[in-house]
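# Results of the structural survey
The residues making up each chain are set out below.
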Amino acid sequence: MSTEYAIEVRDVEMHFNMSKERIDSLKEYFIKLLQRRLMFEDFTALDKVTFQVEKGDVFGIVGLNGSGKSTLLKIISGILTPTKGSVTTRGAIAPLIELGAGFDLDLTARENIFLNGSVLGFSKKFMEEHFDEIVDFSEMQEFLDTPMKNYSSGMIARIAFAIATMTRPDILIVDEILAVGDFKFQEKCEVRINEMMKGDTTVLIVSHSLDQIERLTKHCLWLEKGKIRMIGETDAVCDAYKKGY
Ligand SMILES: Nc1ncnc2c1ncn2[C@@H]1O[C@H](COP(=O)(O)OP(=O)(O)O)[C@@H](O)[C@H]1O
Ligand SMILES: [Mg+2]
């Protein structure tokens, strides 16, 4: 039987144009633009990244700040288009990438659960049926009618994670989000991720906590300045990563 991949990343490159010099005003910007003196520098955030994630695997990505982890997750989720290369994903993706994306923080948590559900393509009826389950998991009963702008990042993460994992997506993508919750919630998320794994969900996870990566994932990838430094069994990659810095 041939291996079934949930995610295939082929020769992905991501370039950002960054202004070389500091421009302090819009006026200065337009003058420089007219004089064609605006200089841009090409910044390579990801360079020839190729790897596959098998269906049902829990796969980690480690690397220092700025190594390109979030950019890579956004490309896999379809939020960003790569400058070069391509990505193939199989199944429904639930991306938990930027905390609060998909929420209107002026609205209450109750309203946001329905809003976020419709953004993810679920009917009002479906959300009504799953509402209690989401609230139970998030443990935010007391704060349901509080505008989410008064929530801490940990509280937002609880709601976001509860919605994203309610439907058991085929692919769950998590960027640092578990790190903002308290340890009790982190444990709960880990239990759910393990359950999802048994149910064949593929999980792609970025975390500052190497412990968490080592507990949860089987395979992982080490990104360094946009390039794959190492890929393989989690224990081996994490050991090398720790020794490397
Ligand atoms: N929209 C953008 N415009 C310009 N540069 C960006 C943009 N997004 C990310 N970068 C740059 O790309 C690099 C990788 O960023 P990121 O993927 O967020 O890294 P990580 O998640 O590993 O900390 C950083 O140097 C960052 O400044
Ligand atoms: Mg990041």
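Residues numbered from 1 in each chain as written. Chains lettered and ligands numbered in written order. Predicted model: local features only at pLDDT ≥ 70, side-chain atom pairs only at ≥ 80, totals over all residues.

### Some words on the overall build of the chain
Helix and strand counts for the chain stand at 8 helices and 9 strands. Its C-alpha atoms give the chain principal-axis dimensions of roughly 60 × 50 × 35 Å. When the 245 residues of the chain are sorted by exposure, 33% land in the buried category. For the chain, the share of sequence-separated contacts (at least 6 apart) that also reach a separation of at least 24 residues comes to 72%. (Helix = DSSP H or I, 4+ residues; strand = E, 2+ residues; numbered from the N terminus. Buried ≥ 20, exposed ≤ 12 C-beta atoms within 10 Å, placed from the backbone. Contact = placed C-beta atoms within 7 Å.)

### Thoughts on helix α4 (residues 124–138)
Helix length check: α4, at 15 residues, gives a terminal C-alpha distance of 19 Å against a target of 21 Å (1.5 Å per residue), a fit within 8%. Its maximal kink placed at H130, α4 deviates by approximately 50°. (Expected span 1.5 Å × (residues − 1). Bend = angle between axes of the 7 residues up to and from the residue.)

### Structural notes on helix α5 (residues 153–166)
The first and last C-alpha atoms of α5 sit 20 Å apart over 14 residues, in line with the 20 Å expected at 1.5 Å per residue. Burial runs high along α5: 12 of the 14 residues are buried.

### Concerning the domain arrangement of the chain
The assigned domain composition of the chain is domain 1 (5–92 + 169–244) and domain 2 (103–167). On a C-alpha basis, the centres of domain 1 and domain 2 stand 25 Å from each other. Each partner contributes to the interface: domain 1 provides 10 residues, whereas domain 2 provides 9 residues. The element best represented in the side of domain 1 that touches domain 2 is helix α6 (residues 183–198), accounting for 4 residues. The residue inventory of the side of domain 1 that touches domain 2, partitioned by class, reads 7 nonpolar, 1 polar and 2 charged. (Domains from an automatic or database assignment. Nonpolar A, V, L, I, M, F, W, Y, C, P; charged D, E, K, R; others polar.)

### Concerning unusual backbone geometry
Even without a glycine there, the phi angle at D11 is positive, about 50°. You can call D11 exposed: it has 12 C-beta atoms within 10 Å.

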